[in-house]
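# A structural walkthrough
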Amino acid sequence: MKKFLLSLLFASCLYGFADAQDSPLKILKNPKPELPRGYATLDAQGSIILKVEFLANNTVGKISPITRMPISNLSELAIEAANKISFEAEVKGGNAVDNFRFIHYGYSWDGFWKMPLVFSQNENQQTKTDPQAEAVLQKAILNLGGEKYTNVKTQVGRGRYSIIRENVVISSQTFIDVIVFPFKERTDFKGGGVRSVQTNTDETGWVYDGDQDLIKVQDEKQIENFKRGMQTSLDNLLRGHWRGDATLSYVGRRPATLGKRNEVVKLTYKDGFTVEFEFAADDGLPQKALYKRLNPDNEEIKEEDRYAQFVETGGIKAPYVVDHFTAGAHTSRINYETVEFNKSVPDSIFTKPSSPKELKKDLKL
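The text that follows walks through the structure, step by step, so that each part is easy to find. Along each chain, numbering runs from 1 in the same order as the chain's sequence is written. Residues qualify for local features only when their pLDDT is at least 70, as the model is predicted, and side-chain atom pairs are given and counted only at 80 or more; totals for whole chains, interfaces and linings, by contrast, use all residues. To get the side-chain values, take all heavy atoms of the structure and skip hydrogens and water.

## With respect to the packing of aromatic side chains
The line we're drawing: Ring geometry is summarised as follows: Phe, Tyr and Trp rings, the Trp one being its six-membered ring, pair when their centres sit within 6.5 Å, and such pairs are stacked at plane angles under 30 degrees, edge-to-face over 60 and tilted between the two. Going along the chain from the N terminus, every DSSP run of H or I of four or more residues is numbered as a helix, and every run of E of two or more is numbered as a strand. Burial classes follow relative accessibility: with a 1.4 Å probe on protein chains only, a residue under 20% of its type's maximum area counts as buried, one over 50% as exposed, and anything between as partly exposed. Lysine and arginine charges are scored as sitting over a ring when NZ or CZ, respectively, is within 6 Å of the ring centre and within 35 degrees of the ring normal.
Applying the stated rule across the entire model yields nine aromatic pairs. A centroid spacing of 4.8 Å and a plane angle of 80 degrees characterise the contact between F54 and F87, whose relative ring orientation is edge-to-face. Taken together, the positions of F54 in strand β2 (residues 46–54) and F87 in strand β4 (residues 86–88) put the pair 33 residues apart, joining distant regions of the chain. Each member of the pair, F54 as well as F87, carries the same accessibility label: buried. Joined through ring pairs, the aromatic side chains of Y105, Y107 and W113 make up one cluster. One cation-aromatic arrangement involves K51 over F100; the distance from NZ or CZ to the ring centre is 4.5 Å.

## What to know about the environment of Q198
Operational definition: Throughout, a residue-residue contact means that at least one pair of heavy atoms, one from each residue, lies within 4.5 Å.
Looking at where Q198 falls in the secondary structure, it is placed in strand β12 (residues 194–201). Sequence-wise, Q198 and D177 are 21 residues apart; in three dimensions their C-alpha atoms are separated by 9.6 Å. Setting aside residues no more than four positions away along its own chain, Q198 makes contact with E185, R186, T187, W206, V207 and Q218.

## Description of helix α3 (residues 131–144)
Filter applied, for reference: An expected span of 1.5 Å times one less than the residue number is assigned to each helix.
Taking 1.5 Å per residue, 14 residues should reach 20 Å; α3 reaches 20 Å between its end C-alpha atoms and fits that length. Immediately beyond the C-terminal end of α3, within one or two residues, lies G145, with a positive phi of roughly 135 degrees.

## Digging into the pairing of strand β21 (residues 329–341)
Keep this limit in mind: Any two strands with at least two DSSP bridges between them are considered paired.
As defined by bridge partners, strand β9 (residues 154–165) adjoins β21 across nine bridges and the pair is classed as antiparallel. Following the sheet pairing, G159 is matched in β21 by Y336. When strand β20 (residues 316–326) meets β21, the two strands line up antiparallel, connected through six bridges. Bridging from a neighbouring strand, D323 pairs with R333 of β21. Connecting the antiparallel pair β20 and β21 is a turn made up of two residues, with A327 showing a positive phi of about 50 degrees.

## Brief notes about a nonpolar patch on the surface
Heads up, the condition is: Residues form patches when they are more than 30% accessible in relative terms and have no salt bridge. Like charges link within 9 Å. Nonpolar side chains (Val, Leu, Ile, Met, Phe, Trp, Tyr) link within 5 Å. Shrake-Rupley sampling with a 1.4 Å probe provides the accessible areas, and residues are treated as covered by the protein chains on show and by no other component. Note on definitions: salt bridges are taken to be side-chain nitrogens of Lys or Arg within 4 Å of carboxyl oxygens of Asp or Glu.
Taken together, the side chains of L35, Y39 and F112 define a hydrophobic patch exposed on the protein surface, amounting to about 250 Å² of accessible area. Mapped onto the elements of the fold, F112 is located in the loop between β7 (99–107) and β8 (117–119). Note on F112: relative accessible area 42%, which makes it partly exposed.

## Description of the nonpolar core
A general tendency of soluble globular proteins is for nonpolar side chains to be buried together. We apply this condition: In plain words, nonpolar cores are sets of buried Ala, Val, Leu, Ile, Met, Phe, Trp, Tyr and Cys residues tied together by side-chain atoms within 4.5 Å.
Ranked by size, the top nonpolar core spans 35 residues in total, and within it L237, L238, L267, F277 and F279 carry the most contacts. For this core, the leading source of residues is α3, giving six residues. Discounting chain neighbours no more than four positions away, the residues touching L238 are L137, A140, I141, L144, Y149 and F279. V60, A78, Y105 and W113 belong to the second largest nonpolar core, which has 20 residues in total.

## Considering the pattern of salt bridges
Within this structure, the stated rule accounts for 23 salt bridges. With its nearest N and O atoms 2.3 Å apart, the salt bridge here joins E303 to R293. Here the residue E303 occupies a position in strand β19 (residues 300–313), and R293 occupies one in strand β18 (residues 286–294), the gap between them amounting to ten residues. Taken together, the shared-partner salt bridges connect R186, D188, K190, R195 and D362 into one network.

Right, here's the structure in full:
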């Protein structure tokens, strides 16, 4: 019995000793990239994700860009920084082994790099991205204006919104839509001599009902609808505001118009909501967004946004017509007359007014 206990103790010590030889990859120094030339005047924001190999001999191996920024030489500066990472290799069974991590480099509007973030393959949704899908996005971004498109901070659109039933316009209103990316939006409608306003700032919102001359705080369902709208937004996709909240994957190609095909990518959010985006395979321009919602009877309904009539303004292209389809039926159209980018927008326009009187006049910017 005594020998048996000693054997167990000896085996336990050996197990503990072997386990002590294992250690995870340890990052010792993870420097920020160098600042680009002219960074003080470089109007840019975005993310770069690199897959970096950490070899058993404590040297950096292959660096593969998962996402790039089509701006200046920011991606190259991130790669140079990754090559300067110092670390202690992962050890398994007493032996150093190769490993890899995803490094996220964020460049902000104020012209500076954020601290690099390190993720394993399963640690963060932001790293789960499909290179083929990313290539589709980059092609679209370049065709919409590249650096100028990704650097848009505000958008002011004016035009007409129409409700359609059985291919007939049954009502129409003018609108002015003001967006401060990523999560602020105010839309003022005017039709039949009546004004209405809908305003959202991410988790909060208010509406002005011109028929009743009342200002109301948005309820939970209205705010949820706004968030869904952001998730299905083309700008949300291409400017990367979904990163960290969804995964991006490549679906493949599907038939479009006669003799043409579309490239299809899909965003899958953490709550399971999915939205597919189609891009023309030839020129990369956005074509559609497709998603589903539940109606009051808890039935799944197909929704679709179609983009058309791309117009260039200051080097940035935007669809001036957005048609919405519900269960295959044409239900509404947004028709822009003008779109302005990076116009100064006072934050006060998103603040809930103290009285309806403040909303009697047209919005001035």
